[in-house]
There are 2 protein chains.
Amino acid sequence: MVANGTPAPRFASGCSELQASRLQLSLPLPDVLKHSFQVVDGPPSSSAGNPDEIAKLFPNLFGQPSALLVPSDTSAAASDQSLKIGVVLSGGQAPGGHNVISGLFDYLEERAQGSTLYGFRGGPAGIMNSKYGGFDMICSGRDKIETPEHAEETVNMLDLDGLVVIGGDDSNTNACLLAENFREKKMKTRVIGCPKTIDGDLKCKEVPTSFGFDTACKIYSEMIGNVMVDARSTGKYYHFVRLMGRAASHITLECSLQTHPNITIIGEEVAATKQTLKNVTDYIADVICKRAERGYNYGVILVPEGLIDFIPEIQQLISELNEILANDVVDGDGMWKKKPGSQSLQIFELLPQAIQAQLLLERDPHGNVQVAKIETEKMLIEMVETELEFRRKQGVYKNDFRGRSHFLGYEGRCGLPSNFDANYCYALGYAAGALLHSGKTGLISSVGNLTAPVEKWAVGGTALTSLMDVERRHGKFKPVIKKAMVELEGAPFKKFASMREEWALNNHYCNPGPLQFQGPTSNVTNHTLMLELDAGA
Amino acid sequence: MVANGTPAPRFASGCSELQASRLQLSLPLPDVLKHSFQVVDGPPSSSAGNPDEIAKLFPNLFGQPSALLVPSDTSAAASDQSLKIGVVLSGGQAPGGHNVISGLFDYLEERAQGSTLYGFRGGPAGIMNSKYGGFDMICSGRDKIETPEHAEETVNMLDLDGLVVIGGDDSNTNACLLAENFREKKMKTRVIGCPKTIDGDLKCKEVPTSFGFDTACKIYSEMIGNVMVDARSTGKYYHFVRLMGRAASHITLECSLQTHPNITIIGEEVAATKQTLKNVTDYIADVICKRAERGYNYGVILVPEGLIDFIPEIQQLISELNEILANDVVDGDGMWKKKPGSQSLQIFELLPQAIQAQLLLERDPHGNVQVAKIETEKMLIEMVETELEFRRKQGVYKNDFRGRSHFLGYEGRCGLPSNFDANYCYALGYAAGALLHSGKTGLISSVGNLTAPVEKWAVGGTALTSLMDVERRHGKFKPVIKKAMVELEGAPFKKFASMREEWALNNHYCNPGPLQFQGPTSNVTNHTLMLELDAGA
């Protein structure tokens, strides 16, 4: 098979010895993908919510069954049929994307000889602008395919039989819209999605995890583990670590399960129990005071970057500020302070000065307060400092509090994929090839039974419409794949909740160390996946 | 042998699977340490500078020869002689400290049966306050042994034959002062140092590297490599990474050699070429503009945390500010601005507002400006932003500049030691035991020939006085082990300088990946050490 298209500029990067050894590795495949297989359809599917609306939005796809690959003497697809396939990385970076492409490439080479694989460059924009290249580093992008016409033009021009969209909830929703559009127009191009996001919030029964989550959490946990050993040895700092995850706190929860910090804030719990910023601050200060009584004047605290989004009073403050900033002058005399509600003003006054200034001064191009720019961990440090100062004056806290802030984000989105992610992605990509080859569209590549050895993994595709619900936006129903939040009744959170008091007051720090590709620890997967699969079994 | 003393509180930490597998590992020893050996003295030594003053400061130790361990049919020290030894971790954290202790422990167990090893807890303060424990996690501390009387009391009380001080330049200077003091008083306690600092600035011909540097640089380089892949894939951010190293830029240089960033600022070069902050800013802006012409609107920039200390004009500004802040009121009307010299005022006005505020508002307990609190990478981002805005108005730069800041510090000081550091530390500790056992004092444990396999490593001890020079402080000569700075004529810097233009304009990013304990990359050591040893060979 040929990796074809306009030549992509050579990726002039040096390649480290470890990268080279990973590139040479041949990855294991699930047994069902090693030999002839057939695609067996399951029962008709529905949607995650509002099936009537989803049916209206996807008249050509709604209700289609999920597919399962099973061993067979004869193959479903003719091996002499060659395919033209495009692949695109969509949205935020995640370790393993290129393993999906490798899996797809190897499928085509082994099962559909004479095929051509195009990589769209720079994400969905590559489809819309017909920027594509051979099999090379194709980058990702955050554009959305809002105008299917451009995508149509490109796939027609390239005469594509199939398109593989590697992305998160939004990208897979758009993949399904494309699949619907192509089928409606009786185009031959089929579309298959793959679940990618380090945030871990794209998952359901058939798609037990999104790729990248395992690697990212292991990288973050390595760093947290190192900081923990430092905290204990140095004995004088509280480290506040902010972790990626704006919408859901899966990363923070997983890192907590891997490392056992003294305090872990889970956004979903803060929202469910309607905690205020003061409540969160007091909780942290309480633990610090109790630890001080035991002689521990150090600790590690994990916070999800989306914490502020989970606190309703802050949301209220921000919307009121946006209103005021749009219409009034923020004067030095503070006259503007008569405008917000008394509760919002009270919260504003509670915030550290630097955060106040940030809220008032830094705005996005639409003039809105930039919540994303607030460094939650630094805000918490200052609030805890103020609270402890207050307690010191009351005589209930006698120690020095020294906070140190960390943000772990970009460091984990592009690491070399763990063995789990490498194998999982390779299987997802290989399966995407198989699904396209056997004529499927509007499915997300699904690999299950993940606690078993790779050979025993189940492989198939799940109807994307079955993951969907609708949201009302601008008076219209828009289809969405709902983000999977941390379930307070789920096994991972319950495990954490059962341990957190012990972890808070004593030191049960666990340093998982750097991600290993060989040796006894190299094939261990993450706690979240194991606990969820065990609970579901 | 017994690990003895008042019981240390159990280290209640969980132990990860990888930690457990590392703990079970038996480490290789240099051949000379595997069998009987004798200690052979070299020629008399001198000092690194001002030998007359060093001779006066160390009348009992000055001139003593370095020692080399060589194979022998009979052992120098009687194996039935039991020893009482104390060990202390002094100064900042570094990966491998406990491997030194393991080496020392194993020496005593194998070669001096019936011995007792005491770990002083919390660093040198543990010696002064007689806080010690069995062989356990003993933590480190930054106190200095300024009052030898307390140390004397403790070592006499414990009847110590020897003390091993694991530390950096300051700690080893103090170890030598203790050795001198003990010998002067005809006490039996001997003192041996071990070279520890992630900063890599304690080294000389006989002590080719300090432990911890290898591991820390590999951890930082893993993170930098990940950020590079992210930068290239995302295509829209300039990542400014500040790295540990206040006095010397070895870490920044080593990480640059491992990862090939677009820009690396080396403090020693900034100082030697008398660059101003504006020069540094312009250099960064120049590279960004040239990259923009090639279509690259992203990049990675490494900066040592000590950068500001290398820029004389900033030092001048800070000392003038300290003067003003001590005597005048910093008034809103800016009357105080008439005080500083015009050059200093110009530099002050050049600084971003947030940095200006930080300089004026945040002081240490002595009322001094807190230079250490300045986030150099954020300051540079703001200065580059301003410069590029100016160039945009001139029409010579047309892109959006988006900076992202990172500080890699605590994440690297307490990682699981690399194979190199684990083996190096184990040999250093084992050698420290051998040196004490054969009656040596005032030496630093030295392991050489490090590019060869462990079996061929050379083992001995170097006279601490031979590393020393004097500095005049408060009218007195104080002995110091001079920090080893990045040599602009040295092989590592020259290698970097020969590549940096290519790295600046093209993308030669190298992602070394996570530190491996098994497999082909696990025994590779760092570039700095290899290049220096090759050049010296």
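Residues numbered from 1 in each chain as written. Chains lettered and ligands numbered in written order. Predicted model: local features only at pLDDT ≥ 70, side-chain atom pairs only at ≥ 80, totals over all residues. Heavy atoms only, no water.

Convention followed: UniProt positions are given in the numbering used here, feature names are shortened, and annotations may be inferred rather than shown by experiment.
An unreviewed UniProt entry annotates chain A as Pyrophosphate--fructose 6-phosphate 1-phosphotransferase subunit beta originating from Salvia splendens. The record held by UniProt for chain A lists under Catalytic activity (unreviewed entry) the comment "beta-D-fructose 6-phosphate + diphosphate = beta-D-fructose 1,6-bisphosphate + phosphate + H(+)". Under the UniProt heading Subcellular location (unreviewed entry), the note attached to chain A is "Cytoplasm".

### Points about the overall build of chain A
Selection criterion: Working definition: helices are DSSP H or I runs of at least four residues, strands are E runs of at least two. Numbering for both runs from the N terminus. Atoms counted for the radius of gyration: C-alpha only. Globule rule: 2.2 Å times the number of residues to the power 0.38. Computed by Shrake-Rupley with a 1.4 Å probe, the accessible areas treat only the displayed protein chains as cover when residues are assessed. The charge count treats Lys and Arg as positive and Asp and Glu as negative. His and the chain ends do not count. The location of each charge is read from NZ of Lys, CZ of Arg, CG of Asp or CD of Glu.
In terms of regular secondary structure, chain A is built from 19 helices and 17 strands. The C-alpha atoms of chain A give 25 Å as radius of gyration, which agrees with the globular expectation for 537 residues (24 Å, within 12%). Principal axes of the C-alpha set define a box for chain A whose edges measure 80 × 55 × 45 Å. Of the roughly 21200 Å² of accessible surface on chain A, a fraction of 50% belongs to carbon and sulfur atoms. Across chain A, the centroid of the 52 positively charged side chains sits 2 Å from that of the 63 negatively charged ones.

### Things to note about the UniProt feature "site: Important for catalytic activity and substrate specificity" (unreviewed entry) in chain A
Our working definition: The cut-offs for exposure are 20% and 50% of the maximum accessible area for each residue type, with area from a 1.4 Å probe on protein chains only; residues under the lower value are buried, those over the upper are exposed, and the others partly exposed.
Annotation from UniProt places "site: Important for catalytic activity and substrate specificity" (unreviewed entry) at Asp170(A). Classification of Asp170(A) by relative accessible area gives partly exposed; the value is 39%.

### Some thoughts on the relation of the copies chain B and chain A
Note the threshold: The superposition of copies rests on a least-squares fit of C-alpha positions from residues with pLDDT of 70 or more in both. Two residues form a contact once any of their heavy atoms are found within 4.5 Å.
With an RMSD of 0.0 Å, the fit of chain B onto chain A corresponds to turning through 180 degrees and sliding 0.0 Å along the axis. Seen this way, the second copy is the image of the first under a two-fold rotation axis. Both copies contact each other with a shared surface, as 100% of the interface residues of chain B are interface residues in chain A too.

### Remarks on the packing of helix 6 (residues 148–157) of chain B against helix 7 (residues 169–184) of chain B
Residues and elements named next belong to chain B. What counts is decided by this rule: Between the N-to-C directions of two axes lies an angle of 0 to 180 degrees, each axis being a line fitted to C-alpha atoms and, for a helix, fitted only over the stretch in contact. Relative orientations are named as follows: roughly parallel for angles under 35 degrees, roughly antiparallel for angles over 145 degrees, roughly perpendicular for angles from 65 to 115 degrees, and oblique for any other angle. When the near helix sits turned anticlockwise from the far one by under a right angle, the crossing is termed left-handed; a clockwise turn instead gives a right-handed crossing.
One can describe the packing of helix 6 onto helix 7 by two numbers: an axis separation of 11 Å at closest approach and a directional angle of 65 degrees. When the axis of helix 6 is compared with that of helix 7, the two are roughly perpendicular. By crossing handedness, the relation of helix 6 to helix 7 is classed as right-handed. Of the residues in helix 7, those in contact with Pro148, Ala151, Glu152 and Val155 of helix 6 are Leu178, Asn181 and Phe182.

### Side note on the confidence of the model for chain A
Residue and element names in this part refer to chain A. The following threshold applies: Known as pLDDT, the predictor's per-residue confidence is scaled from 0 to 100.
Summarising the model, chain A shows a mean pLDDT of 90, and 94% of its residues fall at 70 or more. Within the model, the stretch residues 1–12 combines pLDDT values under 50 with 34 contacts to residues more than four positions away or in other chains. If you check the scores for this complex, the pTM reads 0.94 and the ipTM reads 0.93.

### Some thoughts on the packing of aromatic side chains
Test applied: By convention, a stacked pair of Phe, Tyr or Trp rings (six-membered ring in the case of Trp) has centres within 6.5 Å and planes under 30 degrees apart, an edge-to-face pair has planes over 60 apart, and any other such pair is tilted. For a lysine, the NZ atom is tested; for an arginine, the CZ atom; a charge sits over a ring if that atom is within 6 Å of the ring centre and within 35 degrees of the ring normal.
In this structure the tally under the stated criterion is 23 aromatic pairs over all chains. Both rings, one in Phe420(A) and one in Tyr424(A), keep their centres 5.4 Å apart while their planes meet at 15 degrees; by these two values the pair is stacked. Here the residue Phe420(A) and the residue Tyr424(A) both occupy positions in helix 17 (residues 419–437), the gap between them amounting to four residues, near one helical turn. Each member of the pair, Phe420(A) as well as Tyr424(A), carries the same accessibility label: buried. Its guanidinium or amino end placed over the ring of Phe477(B), Arg472(B) lies 4.5 Å from that ring's centre, counting from NZ or CZ.

### Examining unusual backbone geometry
Residues and elements named next belong to chain B. Even without glycine at this site, Asn50 takes up a positive phi of about 45 degrees. Mapped onto the elements of the fold, Asn50 is located in the loop between strand 2 (37–41) and helix 3 (51–57). On the basis of relative accessible area, Asn50 is assigned to the partly exposed category, the value being 40%. Of note, His260 is a non-glycine position whose phi angle comes to about 60 degrees, a positive value. For His260, the location among the structural elements is in the loop between helix 9 (250–259) and strand 11 (263–264).

### Concerning the UniProt feature "site: Important for catalytic activity" (unreviewed entry) in chain A
All names here are of chain A. What counts is decided by this rule: Here a polar contact is taken to be a pair of N or O atoms separated by no more than 3.5 Å, where protein atoms must pair a possible hydrogen donor with a possible acceptor and residues adjacent in sequence count only if both atoms sit in side chains.
Within the UniProt annotation, "site: Important for catalytic activity" (unreviewed entry) is assigned to Lys196. Secondary-structure assignment places Lys196 in the loop between strand 9 (190–195) and helix 8 (213–234). Once residues lying within four places of it in the same chain are set aside, the contact partners of Lys196 are Ser90, Gly91, Gly92, Ala94, Ile166, Gly167, Gly168, Leu202, Ser210 and Phe211. At 3.1 Å, the side chain of Lys196 and the backbone oxygen of Ser90 are in polar contact.

### Things to note about the side chain of Arg391(B)
As for its placement among the helices and strands, Arg391(B) is situated in helix 15 (residues 376–394). Once residues lying within four places of it in the same chain are set aside, the contact partners of Arg391(B) are Asp282(B), Ala285(B), Asp286(B), Cys289(B), Val396(B) and Tyr397(B).

### Let's talk about the sheet that holds strand 11 of chain B
By way of backbone hydrogen bonds, the strands of a sheet pair with one another, either parallel or antiparallel. Residue and element names in this part refer to chain B. To be explicit about the condition: In this analysis, strands are considered paired if DSSP registers two or more bridges between them.
Here four strands make up an open sheet; going across it, the order is 11-12-10-13 and the pairing parallel. Each end of this open sheet is capped by a strand with a single partner; those strands are strand 11 and strand 13 (403–408). Across two bridges, the pairing between strand 11 and strand 12 (residues 299–304) is parallel. Along strand 12, the bridge assignment pairs Thr264 with Leu302.

### Regarding the sheet that holds strand 12 (residues 299–304) of chain A
All names here are of chain A. Spatially, the four strands line up as an open sheet ordered 11-12-10-13, and their pairing is parallel. If you trace the sheet from one side to the other, it starts and ends with strand 11 (263–264) and strand 13 (403–408), each paired once. Note: strand 10 (residues 238–243) against strand 12, six bridges, orientation parallel. Across the sheet, the residue bridging to Leu243 is Pro304, located in strand 12. Packing of helix 15 (residues 376–394) onto the sheet brings it into contact with strand 10, strand 12 and strand 13, and relative to strand 13 it is tilted by some 165 degrees.

### Concerning the packing of helix 4 (residues 97–111) of chain A against helix 17 of chain A
All names here are of chain A. Put simply, the rule is: Three residue categories are used. Nonpolar comprises Ala, Val, Leu, Ile, Met, Phe, Trp, Tyr, Cys and Pro, charged comprises Asp, Glu, Lys and Arg, and polar comprises the others, including Gly.
Running from N to C, helix 4 and helix 17 point in directions that differ by 45 degrees, and their axes come no closer than 6 Å. It follows that helix 4 is oblique to helix 17 by the angle criterion. For the pair helix 4 and helix 17, the crossing hand works out as right-handed. For the pair helix 4 and helix 17, the contacting residues are Asn99, Val100, Ser102, Gly103, Leu104, Asp106, Tyr107, Glu110 and Arg111 in the first and Ala422, Cys425, Tyr426, Gly429, Tyr430, Ala432, Gly433, Ala434 and His437 in the second. When grouped by side-chain class, the residues that make up the contact of helix 4 with helix 17 number nine nonpolar, six polar and three charged.

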